[in-house]
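# Chains, contacts and geometry: an overview
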Amino acid sequence: MHSLHSPNFIYFYTMAIQRFQGSSVQLDFGPLTESSFPQKLAQFSAQKILILVDENTQQHCLEYLLTSFEQLAHAEVIVLPPGEETKSIDYALQLWELLTDYEVSKKDLLICLGGGVVSDLGAFVASTYKRGLNCILLPTSLLAMIDAAIGGKNGIDFKGYKNLIGTIQQPDYIYMDPGFLHSLPWPEYLSGLGEGLKHSLISGLDLWQHYKNDVAFAIENKQQLSTALLWELIQVKINIVEQDPFEIGVRQVLNLGHTLGHAFEARCMESEPIAHGVAVAWGLAYEAQIAQAQGLLDQDAAQELFDFVRANYSALPEIAQDAMGLVPFLNQDKKNQDNRWRYAALKSPGSYLLNQSFDLAQLKAVLKS
Ligand code: GLY
């Protein structure tokens, strides 16, 4: 059996997000074997249980699951190739076909064991198959724990554009076992820290200062963050999604760094792929420069953030620094309104303005500087 080093604690949280079926979403954070997971498995009247993994979680996380929970001993395991390219209509189609061929019913259960790609794609397929198959998310990466698994945004990339097709549908349960993070390769962990950076900036000066120091130490020593800090970062997302599950208002702040971040990531995808969290970290740094140029954020704060990203992340590939090359991707951004590119502008840690816009000249200026 795979040995996971779970800390001895469990936080249990029921998110006040109503699912369409009328119940709210439960999230457990702590060792899976001490959570309500086995009881929940028993409560489903599922005839068939399917576990979606990628090759990495198949190797590092699956055995622990299969050997710890007898209800899963005979589950069907579906293995995806790892990586963002799997988040595609081709794989969604194959999964819909497979569910149909297995005669999976709405009462059956799909468990997504993996990072953001597995949970985005798996939960998208679950939310669309027979208009909603039972779905449990077991995020195994830092990025999925901090961000992707919380809030019901499911989807796939399409025609080279990020998350173009998708749904907002909450899963039935989310179980986060930080023990899974011990099998995560360091570059993946570093990518997750990019979303953590966003959450610390959204939260306010205290968490940003704390995060900045802890991350600098973590990176220098290749050491993971404390579970207490991890839980704080997770709560930032939970609090926002609870207020605005369908992104009508405040949830838009979770797009901080993502207008440029998605454009950087998509632009580099073919030739020099960069991890999502790395693209987001640079998106945060450059969007802060735009906010500063627009007089919204003071220069010291923008520079501090830029220096932090430059010190801790590898340089942004040259092709991502060419403004014209980013234009097609920015033109497909879901937030665009009135033919204007939109972004959430940081005013100071903990304070922001939603639905701000910027233009090509402003983008060119910050990328050049
Ligand atoms: N990842 C942004 C959101 O969930 O709203």
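The sections below set out a description of the structure shown in this document. Just so you know, these numbers come straight off a predicted model, no measurement behind them.

### A word on the overall build of the protein chain
The helix and strand tally for the protein chain stands at 14 helices and eleven strands. Here the protein chain has a C-alpha radius of gyration of 20 Å; the compact-globule value for 369 residues is 21 Å, and the two agree. Looking at the protein chain as a whole, 55% of its 369 residues are labelled buried. By sequence separation, contacts in the protein chain at least 24 residues apart represent 74% of the contacts at least 6 residues apart. Approximately 15,500 Å² of the protein chain is accessible, and the part contributed by carbon and sulfur atoms is 49%. Distance between charge centres in the protein chain, computed from 25 positive and 41 negative side chains, equals 8 Å.

### A short note on the packing of aromatic side chains
When we look at a pair of aromatic rings, we describe it by the centre distance and by the angle of the planes. Evaluation of the coordinates by the stated rule reveals 16 aromatic pairs. Taking 5.2 Å as the distance between ring centres and 70 degrees as the angle between the ring planes, the aromatic pair formed by Phe37 and Tyr175 counts as edge-to-face. Taken together, the residues Phe37 in helix H1 (residues 37–43) and Tyr175 in strand S9 (residues 173–176) connect sequence positions 138 residues apart. On the accessibility criterion, Phe37 (0% relative accessible area) is buried. Plain terms: the ring middles of Trp208 and Phe308 are 5.5 Å apart, the flat faces sit at 80 degrees to each other, and that makes the pair edge-to-face. With Trp208 in helix H8 (residues 205–221) and Phe308 in helix H12 (residues 299–312), the pair connects residues that are 100 residues apart, well separated along the chain. Put simply, the rings of Phe37, Phe44, Phe69, Tyr173 and Tyr175 touch in pairs and so form one group of aromatic residues. When the ring centre of Trp208 is taken as reference, the NZ or CZ atom of Lys212 above it lies at 5.3 Å.

### Points about the site of the ligand
Every residue near the ligand is listed here: Asp147, Lys153, Lys237, Glu247, Arg251 and Leu254. Contact distances for the ligand include 3.2 Å between a nitrogen atom and a side-chain N or O atom of Asp147. Taking Lys153, its side chain carries an N or O atom lying 3.0 Å from an oxygen atom of the ligand. Computed on the free molecule, the ligand has an accessible area of 200 Å², of which 89% lies beneath the protein chains in the complex. Taken together, the residues of the shell around the ligand break down into one nonpolar, no polar and five charged.

### A few points about the side chain of Asp333
Positionally, Asp333 belongs in the loop between helix H13 (323–331) and strand S10 (341–348). In terms of polar contacts, Asp333 uses its side chain to reach the backbone amide nitrogen of Lys335, at 2.8 Å.

### Observations concerning the nonpolar core
Counting 124 residues, the largest nonpolar core has Phe37, Ile111, Ile136, Leu193, Leu197, Phe264 and Trp282 as the members making the most contacts within it. Counting residues per element, this core draws most heavily on helix H11 (residues 276–293), at eleven residues. Apart from residues lying up to four places away in sequence, Leu197 is in contact with Trp208, Tyr211, Ala281, Leu284, Leu305, Phe308 and Val309.

### Notes on the pattern of salt bridges
For the structure on display, the rule yields 13 salt bridges. In this structure, Glu304 engages Lys212 in a salt bridge whose closest nitrogen and oxygen atoms are separated by 2.3 Å. In this pair, Glu304 is assigned in helix H12 and Lys212 in helix H8, connecting sequence segments 92 residues apart. Among the residues examined, Glu304 registers a relative accessible area of 31% and is labelled partly exposed. You can call Lys212 buried: its relative accessible area is 14%. The salt bridge involving Asp333 is made with Lys335; its shortest N-O contact spans 2.9 Å. For the pair Asp333 and Lys335, one class covers both residues: buried. Residues joined by salt bridges that share partners form a network here, namely Glu84, Lys87, Asp120, Asp157, Lys162 and Glu265.

### So, the packing of H11 against H12
Contact geometry for H11 and H12: axes closest at 9 Å, N-to-C directions at 160 degrees. Taken together, the axes of H11 and H12 are roughly antiparallel relative to one another. Of the two possible hands of crossing, H11 and H12 adopt the one that is left-handed. Taking contact as the criterion, the partners of Ala281, Trp282, Leu284, Ala285, Tyr286, Ala288, Gln289 and Gln292 in H11 are, on H12, Gln299, Ala302, Gln303, Leu305, Phe306, Val309 and Arg310. In the contact of H11 with H12, the residues fall into ten nonpolar, four polar and one charged.

Calculation criteria
Residues numbered from 1 in each chain as written. Predicted model: local features only at pLDDT ≥ 70, side-chain atom pairs only at ≥ 80, totals over all residues. Heavy atoms only, no water. Helix = DSSP H or I, 4+ residues; strand = E, 2+ residues; numbered from the N terminus. Rg over C-alpha atoms; globule rule 2.2 N^0.38 Å. Buried < 20%, exposed > 50% of the residue type's maximum accessible area, 1.4 Å probe, protein only. Contact = heavy atoms within 4.5 Å. Areas by Shrake-Rupley, 256 points an atom, 1.4 Å probe, with all protein chains shown as cover. Lys, Arg positive; Asp, Glu negative; His and termini not counted. Charge placed at Lys NZ, Arg CZ, Asp CG, Glu CD. Phe/Tyr/Trp six-rings, centres within 6.5 Å; stacked < 30°, edge-to-face > 60°. Lys NZ or Arg CZ within 6 Å of the ring centre and 35° of its normal. Near = heavy atom within 4 Å. Polar contact = N/O pair within 3.5 Å; in protein donor to acceptor, adjacent residues only side chain to side chain. Nonpolar A, V, L, I, M, F, W, Y, C, P; charged D, E, K, R; others polar. Core = buried A, V, L, I, M, F, W, Y, C linked by side-chain atoms within 4.5 Å. Salt bridge = Lys/Arg side-chain N within 4 Å of Asp/Glu carboxyl O. Axes fitted to C-alpha atoms, helices over the stretch in contact; angles between N-to-C directions. Parallel < 35°, antiparallel > 145°, perpendicular 65-115°, else oblique. Left-handed = near helix turned anticlockwise from the far one by under 90°.

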